[in-house]
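For reference, the chains in residue letters:
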Amino acid sequence: MERVSQPGFLAERYPVEPLLRRLREARVDPAGAALGALGLLVVALLGLELATGALLALYYRPEREGARASVQFVVTRVEYGELVRSLHGYGAHALLLALLALLGGVLAAARHRKPHEVAWSALVLVWFAAVAQAFTGSLLPWSARSALDAAVASGAVERVPVAGSALRALVFGPAGGTELVRLYGLHVGALPALGTLCLLALCLHVGGRLVGEGTAEAERVWPTLALRGAALGCFAFAVLLALASRRPLPLGAAPSLGAAASQAVAPSWFLAPLDLLLRRAPARVLGLPGATVVVVLCLLGVLGALALPAIDRRGGRLGQVLGLAVLALSLGVMGLAILR
Amino acid sequence: MSDDPKAPGSLGRRRLLDGALAVGACGAAGAVAVPAVRFATPPSEGGAGTSVTVRREEVLSEGAKLVFVGAEPVLVVALSGGELRALGARCTHLGCTVGLDRASGELRCGCHGGRFGLDGRVLSGPPPAPLAQYAVTARDGLLVVEGRRPWRG
Ligand code: FES
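Participant: Would you explain the interface of chain B and chain A in this entry?
Facilitator: Interfaces are frequently sized by the accessible area removed from exposure as the parts join. Between chain B and chain A, the residue contacts involve 27 residues of the former and 29 residues of the latter. Summed over both sides, the interface between chain B and chain A buries roughly 2100 Å², with carbon and sulfur atoms accounting for 62% of that surface. Our count for the chain B to chain A interface comes out at zero salt bridges. In this structure, the connection of chain B to chain A is made through four residue pairs in polar contact (both at pLDDT 80 or more).

Take a look at the structure:
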């Protein structure tokens, strides 16, 4: 007797079968497959950050006096505390590296042009949100280094023309040492929300195109690409786990009163290009403080990165070449910072 | 026909409606955004802590002493002749707190390598202006650093 297959409990409530069928038929060209695998790695790392971050938030206290002690408590008293904290920290670095690779890959394959412009801008926003996320995260334990970094960041924000002081007050709060509340709020609220929104825009773009373009030859999305992404994610997780358990992240020295900085401080590697500019810019440029000029140039750089597809309209390659050059230069500076 | 989208009257009306909708949407967004930003901006604080005292011996024995006038860090330093100066310790580059480097007898900012003399002048590095100066007066054997009206140079 012929058996009529009954739809399962889930399938009846979530009728995604047609979508999955399209996905199984979908194929992408090799460049798309490589970018797709990297994208899956980014999503996996985001998942890791979200999970470890949610755990760390159970103990963290966003105040100058309590922050370091609460992190110390996690590291020394809480079971698996050091591992979870180190995974969160190393995971953030890995996420930045994966995003850099993705940005470079997209540019190299010229996938920033029409019809991918919005997706490109979303990816650029994800990158900047991730950098801000890594930076605010590095401030949260309020070590001596965090205190100095916070001072520099608030000084740099204040250099934004016209809106500087208002922006500073908005991000760092009133004077009197309450900046951690706002930084923590950014770290667990606004920045993840921005990143998630942009990622959603990216996923819709990629997903929509996959289903629509499932006819090209080359690689299958399911299971080839999915498996590749999963393998990449597992490999990254294994490396992070090994790093976190063999070399747990140090807590950093406690800030001294006023955190005087007569000793030289090195920046985080992902801020090395900005640090180099701030260090090397002359004290005054055309009558303006050098730092103001650097901050304005950086803002223009952000706008330029977002609007890169507009520069490359009608088959030009200027934006692509410029973008790759800036990326390569930054990578060089970052590499030097890591080696040092 | 009035609902023919190609009819000239209908197109004009549609534009008008679209415009009105856009203006309305912007207004509504602004009505939400402005109070939200105002809420997030902390109210400005009054000039708390307008002066602070420090013992002369403390400054002389260590060469420099960091004190706070309200939230402002101020470094009281002893010049070679025994004269005392109160300098704003906030680096004029991006605001790190500068400290005395005893080996060289200068003030250093470790953030981007700014160097200042004990009189507050910039010696080298990215800081664009000299450190702020505060008035110091002696009262009852103590030094009083006046937080009001610092000056530069
Ligand atoms: S903040 Fe002092 S040199 Fe940059």
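Participant: How should I be thinking about the sheet that holds strand 7 (residues 114–116) of chain B in this particular structure?
Facilitator: Working definition: the strands of a sheet are paired by backbone hydrogen bonds and lie parallel or antiparallel to each other. Residues and elements named next belong to chain B. Pairing is antiparallel in the open sheet, where four strands are placed in the order 5-6-7-8. This sheet does not close on itself; its edge strands, each paired only once, are strand 5 (99–101) and strand 8 (122–124). Shown here is a sheet whose adjacent strand axes are inclined to one another by a mean of 40 degrees, direction ignored. Two strands pair when backbone bridges link them, and strand 5 and strand 6 (residues 106–109) are joined in this way by three bridges, in the antiparallel orientation.

Participant: In this structure, what is going on with the pattern of salt bridges? I would like to understand it.
Facilitator: It is possible for side chains of opposite charge to pair when their charged atoms get near one another. All names here are of chain B. Taken as a whole, this structure holds 17 salt bridges over all chains when the rule is applied. The partner of Glu-57 in a salt bridge is Arg-55, with the nearest N and O atoms 3.3 Å apart. Assessed through its relative accessible area of 46%, Glu-57 is described here as partly exposed. Of the charged contacts in the structure, one is a salt bridge between Glu-106 and Arg-115, with a shortest N-O distance of 2.7 Å. For Arg-115, a relative accessible area of 26% corresponds to the partly exposed category.

Participant: Before we go on, may I ask you to explain the packing of aromatic side chains in this structure?
Facilitator: Here the distance between the centres and the angle between the planes together describe a pair of aromatic rings. Residue and element names in this part refer to chain A. Applying the stated rule across the entire model yields three aromatic pairs over all chains. Look at Tyr-59 and Phe-73: their rings are 5.9 Å apart centre to centre, the planes differ by 50 degrees, and that puts the pair in the tilted class. Within this pair, whereas Tyr-59 is found in the loop between helix 3 (30–56) and helix 4 (64–76), its partner Phe-73 is found in helix 4, the two being separated by 14 residues in sequence. With relative accessibility at 35%, the residue Tyr-59 sits in the partly exposed group. Where Tyr-60 meets Tyr-184, the ring centres are 4.9 Å apart and the plane angle is 55 degrees; that geometry is what we call tilted.

Participant: Is there a simple way to explain the state of the cysteines in this structure?
Facilitator: When the sulfur atoms of two cysteines share a covalent bond, that bond is a disulfide. Residue and element names in this part refer to chain B. According to the stated counting rule, one finds one disulfide over all chains in the structure shown. The disulfide that involves Cys-96 links it to Cys-111, with 1.9 Å between the sulfurs. The sign of the S-S torsion, about -80 degrees, decides the handedness of the disulfide formed by Cys-96 and Cys-111: left-handed. Of this pair, Cys-96 sits in the loop between strand 4 (84–88) and strand 5 while Cys-111 sits in the loop between strand 6 and strand 7, placing them 15 residues apart in sequence. A single burial state applies to Cys-96 and to Cys-111, both of which are buried.

Participant: Sorry if this is basic, but what is going on with the side chain of Ser-154 of chain A here?
Facilitator: Structurally, Ser-154 of chain A can be placed in helix 7 (residues 144–158). For Ser-154 of chain A, the contacting residues outside a window of four places in its chain are Arg-168 and Phe-172 of chain A.

Participant: Quick question: what am I supposed to make of the packing of helix 5 (residues 81–108) of chain A against helix 6 (residues 117–139) of chain A here?
Facilitator: Relative placement of two packed helices is described by the angle separating their axes and the distance separating the axes. All names here are of chain A. Where helix 5 meets helix 6, the closest approach of the two axes is 10 Å, and the angle between their N-to-C directions is 160 degrees. Taken together, helix 5 and helix 6 sit at an angle that is classed as roughly antiparallel. Seen from above, helix 5 lies across helix 6 with left-handed handedness. Contacts between helix 5 and helix 6 involve Leu-96, Leu-99, Leu-100, Leu-102, Leu-103, Val-106 and Leu-107 from the first element and Trp-120, Leu-123, Val-124, Val-126, Trp-127, Ala-130, Val-131 and Ala-134 from the second. Tallied by class, residues from the contact of helix 5 with helix 6 come to 15 nonpolar, no polar and no charged.

Participant: Hey, could you run me through the packing of helix 5 of chain A against helix 14 (residues 318–339) of chain A in this one?
Facilitator: All names here are of chain A. Interhelical geometry of helix 5 versus helix 14 gives an angle of 155 degrees and a closest axis separation of 9 Å. In terms of axis orientation, helix 5 runs roughly antiparallel to helix 14. Relative to helix 14, the crossing made by helix 5 is left-handed. Only Gln-320, Gly-323, Leu-324, Leu-327, Leu-331 and Met-334 of helix 14 make contact with helix 5, whose side of the interface consists of Leu-100, Leu-103, Gly-104, Leu-107 and Ala-108.

The rules behind each value
Residues numbered from 1 in each chain as written. Chains lettered and ligands numbered in written order. Predicted model: local features only at pLDDT ≥ 70, side-chain atom pairs only at ≥ 80, totals over all residues. Heavy atoms only, no water. Contact = heavy atoms within 4.5 Å. Buried area = accessible area lost by both parts, 1.4 Å probe. Salt bridge = Lys/Arg side-chain N within 4 Å of Asp/Glu carboxyl O. Polar contact = N/O pair within 3.5 Å; in protein donor to acceptor, adjacent residues only side chain to side chain. Pairing = 2+ DSSP bridges. Helix = DSSP H or I, 4+ residues; strand = E, 2+ residues; numbered from the N terminus. Axes fitted to C-alpha atoms, helices over the stretch in contact; angles between N-to-C directions. Buried < 20%, exposed > 50% of the residue type's maximum accessible area, 1.4 Å probe, protein only. Phe/Tyr/Trp six-rings, centres within 6.5 Å; stacked < 30°, edge-to-face > 60°. Disulfide = S-S within 2.5 Å. Parallel < 35°, antiparallel > 145°, perpendicular 65-115°, else oblique. Left-handed = near helix turned anticlockwise from the far one by under 90°. Nonpolar A, V, L, I, M, F, W, Y, C, P; charged D, E, K, R; others polar.

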